[in-house]
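Structure assessment
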Amino acid sequence: MPDVIQLLSDHIANQIAAGEVIQRPASAVKELLENAVDAGSTEIQLVIKDAGKELLQVIDNGCGMSPTDARMSFERHATSKIRDINDLFSIRTMGFRGEALASVAAVAQVELKTKKQDSDVGTRIAVEATEVKAQEPCATAQGTNIMVKNLFYNVPARRHFLKSNTTEFRHIVDEFTRVALAHPAIGFRLWNNNAEQFHLEGGNLKTRIVGLLGNSYEKNLVPVEEKTDILNISGFIGKPEAATRTRGMQFFFINNRFIRNPYLHHAVVQAYEGLIEKDAFPFYVLFLEVDPARVDVNVHPTKQEVKFEDDRLMYTYLNAAVKHALARYNIAPSLDFTLNPEIQQLSSVQLPSTHEHRTNTEKGYLFNTFTGKNQAHFIEKKDSLQQWKELYSIAQSPEVSQASQHIEHTQQQLHVQKETDSAGAGHNILLVQGSMLVTTVKSGMMVIHIRRAQERIWYERLLQEWNDGSTPSQQLLFPISYELSPQDAILLNEALPDLARIGFDIAPFGQNTFAVQGVPTELPAGEEKNVLDEVVEQLKHESPDAVGKRADTLLINMARRLSRSRYTLQQPESQQALIDELFACTQPEYTPDGKKVFTMIKKEQLDDMLG
Ligand code: ADP
Ligand code: MG
């Protein structure tokens, strides 16, 4: 019997490797852009034709390569980035497998031109299906210019498998976006079929986000900046109103490498709970910086998935950082900032840190809140409260702007009874269509959505009572019997303690029946069963990880229910009272589920409207 084992040729080995590294034009784009970044470039251009099937080209002004390096770069396992195995654990450059160029060259026709700064001539190399077709000196600018033509021309199955040009180009833009976000200081341009699609000047992260995603993002960005001795978190998150129905504008970078991580995504989304609707996705571009020894980036061939030494700690820190940012910018009320005490037990929290680390980070919120042991983990409410008070006292200032005179005039015309200064406030308030209040403020006017304002007020009142453990309950003269299906009865039974805390006195009564003996004092008669139906509905759809948030959702639902069924604000006193109560709230601007409560119309805007 003859021996049967053969060594695979380089070409076949490279093609096999290519299958893993280069799945579609976008994967080649990613590798080439990352190489350009690693080369220290300040300007990078990406040129695409026919969704990368005909041509994808990257031109950079980085360090360039010597003739020998240029030839070497196409060898498998050729890399300037690792010398020994330990480098793998501390690597901070983008790519480090030394496989990208070899893989691309196995499945395409590649032409490379490159020149180092201190050389007079550059090098041109042409490679087709791993075979070097030409190597010669050439004239070229400093840096590297690499053209990949007819990708997968020699792997028809793979080429056939590519999706429509629209889809493939979208993938390319995704990769381009990620690299551009991770390197805002570098200028990037993207040409698609000779048309310039992006022209991004080097700048900061904010200008980069706006350049990539559009001007409308600017006003919706909330900065996140936290330092601890274990990780740093920075970047931007979107205000709740910037949340979208579709995925896409969510970016995590670990040590500047884009990753996907559903667990961390959840940590961010969870921080928005109550601010955005259940099926909406908040915008975020977040950079997590950790000691590279604490993450294993190389678990997935395309390197978008990572493993952390301590997932839960990451989760908690990230979640807290986002909540903190939202609270600091008056977007979320600062409730429930308690930290699971288990976190304190994690070894990473217990680890001794160096003096240097400590002094670097101990001014940070996360450090102060979480690193101290057995600390009460509450965030100060005062800041935001104070800010809202100021805003509103501006509204109360005696200065009468032209806009307010205008409104005064309208009020008189409409014969609306104008209550003067009952509280010495000097407000002009107008009830519009029974659903809005308009009041004057220094810079123009403020329009308040009455029902939403009530929702916010109720929510905070209930929350206060909940935190104090003092929710008043009103005993019913005749207990109401409430019957459910066996499944629903189990759910309700489980939630009885939570319900008791918001004022429901409910006792199990026979098989699947309950006796409702007391309800929250404010609940209008006749609403009892409706509210409980809603509660049961909520419990049915509760995801297991939302159990901790159940109380909050109960409060939100209750607040909504209470505000829906309530007064028409005919009396000026009650209009004023509503506004006062609203601005005594921690977070008057949004309902507990993230809808805007009021909006301002500036004098200039009014001037504009009137031409
Ligand atoms: P890796 O990036 O993992 O090292 P690659 O196959 O992507 O592997 O690249 C191989 C080597 O070629 C790199 O280590 C680098 O030295 C060199 N190289 C590739 N692209 C460029 C570039 N645009 N500018 C300068 N050097 C480059
Ligand atoms: Mg590389």
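Residues numbered from 1 in each chain as written. Chains lettered and ligands numbered in written order. Predicted model: local features only at pLDDT ≥ 70, side-chain atom pairs only at ≥ 80, totals over all residues. Heavy atoms only, no water.

1. Digging into the packing of helix H6 (residues 165-182) against helix H7 (residues 205-213)
Here H6 crosses H7 at 160°, and the two axes come no closer than 9 Å. The pairing of H6 with H7 is recorded here as roughly antiparallel in orientation. The two elements H6 and H7 meet at a crossing, and its hand is right-handed. Together, Phe176, Thr177, Ala180 and Leu181 of H6 and Leu205, Arg208, Ile209 and Leu212 of H7 make up the contact between the two elements. By residue class, the composition of the contact of H6 with H7 is 6 nonpolar, 1 polar and 1 charged. (Axes fitted to C-alpha atoms, helices over the stretch in contact; angles between N-to-C directions. Helix = DSSP H or I, 4+ residues; strand = E, 2+ residues; numbered from the N terminus. Parallel < 35°, antiparallel > 145°, perpendicular 65-115°, else oblique. Left-handed = near helix turned anticlockwise from the far one by under 90°. Contact = heavy atoms within 4.5 Å. Nonpolar A, V, L, I, M, F, W, Y, C, P; charged D, E, K, R; others polar.)

2. Some points on the site of ligand 1
Around ligand 1, the structure places 20 residues, and the nearest of them are Asn35, Thr79, Ser80, Lys81 and Gly98. Between ligand 1 and the protein, one listed contact pairs an oxygen atom with a side-chain N or O atom of Asn35 at 2.8 Å. Residue Leu101 places a main-chain N or O atom 2.9 Å away from an oxygen atom belonging to ligand 1. A total of 520 Å² of accessible area belongs to ligand 1 in isolation, and the protein chains cover 91% of it. Contributions of two or more residues to the shell around ligand 1 are made by helix H2 (25-38) and helix H4 (100-106). Residues belonging to the shell around ligand 1 are distributed by class as follows: 8 nonpolar, 8 polar and 4 charged. (Near = heavy atom within 4 Å. Polar contact = N/O pair within 3.5 Å; in protein donor to acceptor, adjacent residues only side chain to side chain. Areas by Shrake-Rupley, 256 points an atom, 1.4 Å probe, with all protein chains shown as cover.)

3. Some details on the confidence of the model for the protein chain
On average, residues of the protein chain score 78 in pLDDT, and 76% of them are at 70 or above. Low confidence marks residues 91-95, where pLDDT is under 50. Its contacts with residues over four positions away, or in another chain, come to 20 contacts. This model gives residues 333-424 a pLDDT under 50, and the stretch forms 157 contacts once residues within four places in sequence are excluded. (pLDDT = per-residue confidence, 0-100.)

4. What to know about a nonpolar patch on the surface
Residues Leu8, Ile12 and Ile16 make up a contiguous nonpolar surface patch of roughly 290 Å² in combined accessible area. Mapping Leu8 onto the fold places it in the segment before helix H1 (10-21). The class for Leu8 is exposed, based on a relative accessible area of 54%. (Patch = residues over 30% accessible without salt bridge, like charges linked within 9 Å, V, L, I, M, F, W, Y side chains within 5 Å. Salt bridge = Lys/Arg side-chain N within 4 Å of Asp/Glu carboxyl O. Buried < 20%, exposed > 50% of the residue type's maximum accessible area, 1.4 Å probe, protein only.)

5. Some points on the environment of Gly202
Topologically, Gly202 is positioned in the loop between strand S8 (195-200) and H7. A residue is classified by how much of its surface remains accessible, and Gly202, at 41% relative accessible area, is partly exposed. For the pair Gly202 and Ala185, spaced 17 residues apart in sequence, the C-alpha to C-alpha distance is 4.3 Å. Beyond its immediate sequence surroundings of up to four residues, Gly202 is in contact with Pro184, Ala185, Ile186, Gly187 and Arg208.

6. Observations concerning the pairing of S8
Pairing of strand S7 (residues 187-192) with S8 involves 5 bridges; the strand directions are antiparallel. From the neighbouring strand, Arg189 faces S8, where its bridge partner is His199. Hairpin connection of S7 to S8: 2 residues between the antiparallel strands, including Asn193 at a positive phi of 45°. (Pairing = 2+ DSSP bridges.)

7. As for the sheet that holds strand S5 (residues 131-138)
Taken together, 8 strands build an open sheet; the order of strands is S5-S4-S3-S6-S2-S1-S7-S8 and the sheet is mixed. Each of the sheet's edge strands pairs with one partner strand only, and the pair in question is S5 and S8. Across this sheet, the average inter-strand angle for adjacent strands is 10°, counted without regard to direction. Two strands pair when backbone bridges link them, and strand S2 (residues 55-60) and strand S6 (residues 143-149) are joined in this way by 5 bridges, in the antiparallel orientation. Opposite Leu56, over in S6, you have Val148 as the bridge partner. Strands in contact with H2 are strand S1 (43-49), S2, S6 and S7; relative to S2, the strand with the most contacts, it is inclined by about 10°. The sheet contacts of H7 involve S7 and S8, and relative to S8 the element is tilted by about 160°.

8. What to know about H1
Here H1 contains 12 residues, and its C-alpha end-to-end distance of 16 Å stays within 8% of the 16 Å for a straight helix at 1.5 Å per residue. For H1, the complete set of buried residues consists of Ala13, Asn14, Ala17, Ala18 and Val21. Angularly, the buried residues of H1 cover 140° about the axis, an arc narrow enough to put them on a single face. Looking at the packing, one finds that the buried side of H1 touches H2 and H4. (Expected span 1.5 Å × (residues − 1). Arc of directions from axis to C-beta.)

9. Topic: the sheet that holds strand S10 (residues 231-238)
Pairing is mixed in the open sheet, where 5 strands are placed in the order S9-S10-S13-S11-S12. Each end of this open sheet is capped by a strand with a single partner; those strands are strand S9 (221-227) and strand S12 (257-259). Averaged over all pairs of adjacent strands, the angle between strand axes in this sheet comes to 20°, irrespective of strand direction. With 3 bridges joining them, strand S11 (residues 250-254) and S12 adopt antiparallel strand pairing. Of the residues in S12, the one forming a bridge with Ile254 is Arg257. The sheet contacts of H6 involve S11, S12 and strand S13 (284-290), and relative to S11 the element is tilted by about 55°. Strands S9, S10 and S13 of the sheet are contacted by H7, whose axis makes an angle of about 40° with S10.

10. Focus on the packing of H2 against H6
Here H2 crosses H6 at 20°, and the two axes come no closer than 8 Å. With respect to their mutual orientation, H2 and H6 come out roughly parallel. The hand of the H2/H6 crossing is right-handed. Note on element contacts: H6 touches H2 through Glu168, His171, Ile172, Glu175, Phe176 and Val179, opposite Pro25, Ala26, Val29, Lys30, Leu33 and Val37.

11. A short note on the packing of aromatic side chains
Tallying each qualifying case throughout the model produces 9 aromatic pairs. For the pair Phe176 and Phe188, a centre-to-centre distance of 5.9 Å together with 85° between the ring planes defines the contact as edge-to-face. Of this pair, Phe176 sits in helix H6 while Phe188 sits in strand S7, and the two are 12 residues apart along the sequence. The interplanar angle of 70° and the centroid separation of 5.9 Å between the aromatic rings of Phe253 and Phe258 together place this pair among those described as edge-to-face. Neither residue differs from the other here; Phe253 and Phe258 are each classed as buried. Among the aromatic side chains, those forming a connected cluster through ring pairs are Phe251, Phe253, Phe258 and Phe287. Directly above the aromatic system of Phe161 lies the positively charged group of Lys163, at a separation of 5.6 Å from the ring centroid. The side chain of Arg461 reaches across the aromatic face of Trp458, ending 4.5 Å from its centre. (Phe/Tyr/Trp six-rings, centres within 6.5 Å; stacked < 30°, edge-to-face > 60°. Lys NZ or Arg CZ within 6 Å of the ring centre and 35° of its normal.)

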